[in-house]
Amino acid sequence: MSATLSEATQAAFVRHPIRLTLNGAVRELQVLPWTTLLDLLREQLDLVGSKKGCDHGQCGACTVLRDGKRINACLTLAVMCDGAELTTVEGLANGDELHPMQRAFIKHDAFQCGYCTPGQICSAVALANEGRARTGAEISELMSGNLCRCGAYNNIRDAIEEALPLCQQTGGES
């Protein structure tokens, strides 16, 4: 909605202050009440890794981590993240050192077009944090909220299966 209103119209609405930790940095922002977290990340903060796929919470392309748990950024209002710790795909790497999940996705060629990849990786990191997946079948079931239109599911599962022990040793996030 924020993209369709003119700046003059937006100025008539009260912006809400929020404070959050985004990829390790504390941010204080003023947001319109209807701004989704996805729109905040992409349009205002220029963090374009998270993608707008379906905009209905059905594809997982917008998955980010809120306090270590996976959420659909397209369904989450930015004001709901006041006080939260958010991690996007851009925040997983430690400088030039890729997160173990990112390295596994590259090694296993767990992407084709790459559109869903940031959401897949964030969801997989949260899956590691949850500690519930032990088999390929469990990984497939617990990742079922993230769609890949190219059908790279076998490679995605293989990458996650390889990276899970590494992520669990480091506490999920690097």
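Residues numbered from 1 in each chain as written. Predicted model: local features only at pLDDT ≥ 70, side-chain atom pairs only at ≥ 80, totals over all residues. Heavy atoms only, no water.

So, on to unusual backbone geometry. With a phi close to 50°, D67 is a non-glycine residue in the positive phi region. On the secondary structure map, D67 appears in the loop between β3 (63-66) and β4 (69-72). Its identity is not glycine, yet D109 carries a phi of approximately 50°, on the positive side. For D109, a relative accessible area of 45% puts it in the partly exposed group. (Helix = DSSP H or I, 4+ residues; strand = E, 2+ residues; numbered from the N terminus. Buried < 20%, exposed > 50% of the residue type's maximum accessible area, 1.4 Å probe, protein only.)

Time to look at the domain arrangement of the protein chain. Taken as a whole, the protein chain is organised into domain 1 (14-91) and domain 2 (100-171). The C-alpha-based centres of domain 1 and domain 2 are spaced at 21 Å. Facing 18 residues of domain 1, the contacting portion of domain 2 comprises 17 residues. Between R70 and E130 there is a salt bridge, with its nearest N and O atoms 3.0 Å apart. Along the contact surface separating domain 1 from domain 2 lie 8 residue pairs in polar contact (both at pLDDT 80 or more). Residue assignment for the side of domain 1 that touches domain 2 shows that the elements contributing at least two residues are β3 and β4. (Domains from an automatic or database assignment. Contact = heavy atoms within 4.5 Å. Salt bridge = Lys/Arg side-chain N within 4 Å of Asp/Glu carboxyl O. Polar contact = N/O pair within 3.5 Å; in protein donor to acceptor, adjacent residues only side chain to side chain.)

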